[in-house]
Amino acid sequence: MAKGLLLPGGYTPVLDPMESQRAIKKIKDFFQQELAYGLNLRRVTAPLFVIPESGLNDNLNGVERTVSFTLKDMDERKVEIVQSLAKWKRMALGKYGIEPGKGIYTDMNAIRRDEELDNLHSVYVDQWDWEKSIRKEDRTEEYLRETVITIYNAVKNLGDYVNRIYRDLQTELPNEIFFITTQELEDLYPELSPKERENKIAEEKRAVFIMKIGGLLESGIKHDGRAPDYDDWELNGDIVLWNEVLGIAYEISSMGIRVDEEAMSRQLKFAQSEDRMELPFHKAILNRELPYSIGGGIGQSRLCMFFLRKAHIGEVQVSVWPEDMIKECQENKIFLL
């Protein structure tokens, strides 16, 4: 079997490829309106590539390689395809003069060349990236929780919408999302790995927000990696649903209140990345020149795959896959676009 591939027994897609394409558009149109209304966001255009020296590209876990190329008409200057827009959005809030309580969202398209390909992960990443300007006093867990609930309600409304228009596609979500920290999760299941803990709590609660990701747990390990220069590790988290088709925890969003000057200094020191303090973006944060903010990304293909009850993300987006994966998927009624 292809590495990382899950083949659910008895799987048959409910919608054929062409009907799936129509459904994908309906899902994307509906959800972005719900998100924009709930969080008071306006749509903006966004870059596909940035200049490395700006410090605006997302370093993800700090080890992933970027895709880069040079520009002929700029003396072969190097630019990088974005890995996400986590930092660019905060710069945009300042550039557009967005006042607290309002924000922006955009279609983010990225290439992550080091992604390990499986049912959920593709080299091509598409998500709604959003960012909202807040006040200093809004940098609290309470504000984070309120924002998560707003996003979850939009997801729940989307699920109800899909259930109404496609009677053969029925996905039930709990009325409320469950909140738990990574340390509470470790205390609950100390014998399990972080990924196993996510599976356990997601299967039990069906919809979970796992908080405080990036720092060390009491066991001395991390629940998961996070770049040190956008989320505050004490005020961030992932929205995770239970995927019935695959029988696994299913992350649809990574988000959080962004670093202020103190959190950035602390986390860069912890990550031994203090050299980044000289980059334009990081200087702007340290000098309090950018708005305080909260933001995140919500997977477009992830949402489509979940509510259309697909077994592989390649059923809702076009990417490239290993030949053995394509062959095995075909043999198991998983038709990659």
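Conventions and cut-offs
- Residues numbered from 1 in each chain as written.
- Predicted model: local features only at pLDDT ≥ 70, side-chain atom pairs only at ≥ 80, totals over all residues.
- Heavy atoms only, no water.
- UniProt positions renumbered as here; feature names shortened; annotations may be inferred.
- Helix = DSSP H or I, 4+ residues; strand = E, 2+ residues; numbered from the N terminus.
- Rg over C-alpha atoms; globule rule 2.2 N^0.38 Å.
- Buried < 20%, exposed > 50% of the residue type's maximum accessible area, 1.4 Å probe, protein only.
- Contact = heavy atoms within 4.5 Å.
- Areas by Shrake-Rupley, 256 points an atom, 1.4 Å probe, with all protein chains shown as cover.
- Lys, Arg positive; Asp, Glu negative; His and termini not counted.
- Charge placed at Lys NZ, Arg CZ, Asp CG, Glu CD.
- Pairing = 2+ DSSP bridges.
- Polar contact = N/O pair within 3.5 Å; in protein donor to acceptor, adjacent residues only side chain to side chain.
- Disulfide = S-S within 2.5 Å.
- Axes fitted to C-alpha atoms, helices over the stretch in contact; angles between N-to-C directions.
- Salt bridge = Lys/Arg side-chain N within 4 Å of Asp/Glu carboxyl O.

Identification of the chain as Aspartate--ammonia ligase from Sinanaerobacter chloroacetimidivorans is taken from an unreviewed UniProt entry. UniProt's Subcellular location (unreviewed entry) comment on the chain is quoted here verbatim: "Cytoplasm". Here is the UniProt Catalytic activity (unreviewed entry) comment for the chain, exactly as written: "L-aspartate + NH4(+) + ATP = L-asparagine + AMP + diphosphate + H(+)".

K.L.:
So what exactly am I meant to see when it comes to the overall build of the chain here?
P.N.:
When you go through the chain residue by residue, the secondary structure sums to nine helices and eleven strands. The C-alpha radius of gyration of the chain comes to 20 Å, within 12% of the 20 Å expected for a compact globule of 337 residues. Judged by the C-alpha coordinates and their principal axes, the chain covers about 55 × 50 × 40 Å. Here the chain holds 337 residues, and 53% of them are scored as buried. Put simply, 73% of the contacts in the chain that link residues at least 6 apart link residues at least 24 apart. Counting only carbon and sulfur atoms, one obtains 49% of the accessible surface of the chain, whose full area is about 15,700 Å². Charged side chains in the chain number 45 positive and 58 negative. The centres of these two groups are separated by 3 Å.

K.L.:
I'm lost on the sheet that holds strand 2 (residues 49-50) in this one. Help?
P.N.:
Working definition: the strands of a sheet are paired by backbone hydrogen bonds and lie parallel or antiparallel to each other. Read from one edge to the other, the open sheet built from three strands follows the order 2-4-3, with strand pairing classed as antiparallel. Two strands in the sheet have a free side with no partner beyond their single neighbour: strand 2 and strand 3 (68-71). Looking at chain direction, strand 3 and strand 4 (residues 77-81) are connected through four bridges and run antiparallel. Of the residues in strand 4, the one forming a bridge with phenylalanine 69 is valine 79.

K.L.:
Whenever I open this one, the side chain of threonine 106 confuses me. Can you help?
P.N.:
Within the element layout of this structure, threonine 106 appears in strand 5 (residues 103-111). The exposure class assigned to threonine 106 is buried, which follows from its relative accessible area of 2%. Here the side chain of threonine 106 touches valine 44 through a polar contact of 2.8 Å, landing on its backbone oxygen. Setting aside chain neighbours within four positions, we find threonine 106 in contact with Val44, Thr45, Ala46, Leu85, Gln127, Trp128 and Asp129.

K.L.:
Before we go on, may I ask you to explain the state of the cysteines in this structure?
P.N.:
By definition, a disulfide links the sulfur atoms of two cysteine residues through a covalent bond. Tallied over the entire structure, the rule returns zero disulfides. In this structure cysteine 304 is not part of a disulfide, and its nearest cysteine sulfur, from cysteine 329, lies 18 Å away.

K.L.:
Explanation requested: the sheet that holds strand 5 in the structure shown.
P.N.:
The eight strands lie next to each other as 1-5-6-11-10-9-8-7, forming an open sheet whose pairing is mixed. Pairing within the sheet leaves two strands with one partner each, and these edge strands are strand 1 (41-43) and strand 7 (178-181). If you compare each strand with its neighbour and ignore which way they point, the axes differ by 25° on average. Pairing of strand 8 (residues 207-211) with strand 9 (residues 231-243), which is carried by five bridges, proceeds in the antiparallel orientation. Looking across to strand 9, one finds that alanine 207 is bridged to leucine 241. Here helix 2 (residues 86-96) sits on the sheet and contacts strand 5, strand 6 (124-134), strand 10 (248-258) and strand 11 (292-299); the angle it forms with strand 6, its principal contact strand, is near 35°.

K.L.:
Is there a simple way to think about the environment of aspartate 118 in this case?
P.N.:
The topology assignment puts aspartate 118 in the loop between strand 5 and strand 6. Between the C-alpha atom of aspartate 118 and that of tryptophan 321, which follows or precedes it by 203 residues, the distance is 8.9 Å. With residues near it in sequence (within four places) discarded, aspartate 118 still touches Gly4, His312, Trp321 and Met325. In terms of polar contacts, aspartate 118 uses its side chain to reach the backbone amide nitrogen of leucine 120, at 2.9 Å. For aspartate 118, the side chain forms a polar contact with the main-chain nitrogen of histidine 121, separated by 2.8 Å.

K.L.:
Any chance you could explain the pattern of salt bridges here in plain terms?
P.N.:
Pairing between side chains becomes possible if they bear opposite charge and their charged atoms approach one another. Counting across every chain of the model gives 34 salt bridges. The closest approach of N and O atoms between glutamate 204 and lysine 205, which form a salt bridge, is 3.6 Å. According to the relative accessible area criterion, lysine 205 is partly exposed, its value standing at 29%. For glutamate 331, the salt bridge goes to lysine 327, with nearest N and O atoms at 2.6 Å.

K.L.:
Before we go on, may I ask you to explain the side chain of aspartate 238 in this structure?
P.N.:
Mapped onto the secondary structure, aspartate 238 falls in strand 9. Classification of aspartate 238 as buried rests on a relative accessible area of 2%. In terms of polar contacts, aspartate 238 uses its side chain to reach the side chain of arginine 226, at 2.4 Å. Not counting residues within four places of it along the chain, the set of residues in contact with aspartate 238 comprises Val208, Phe209, Ile210, Ile213, Arg226, Glu251, Ser253 and Ser254.

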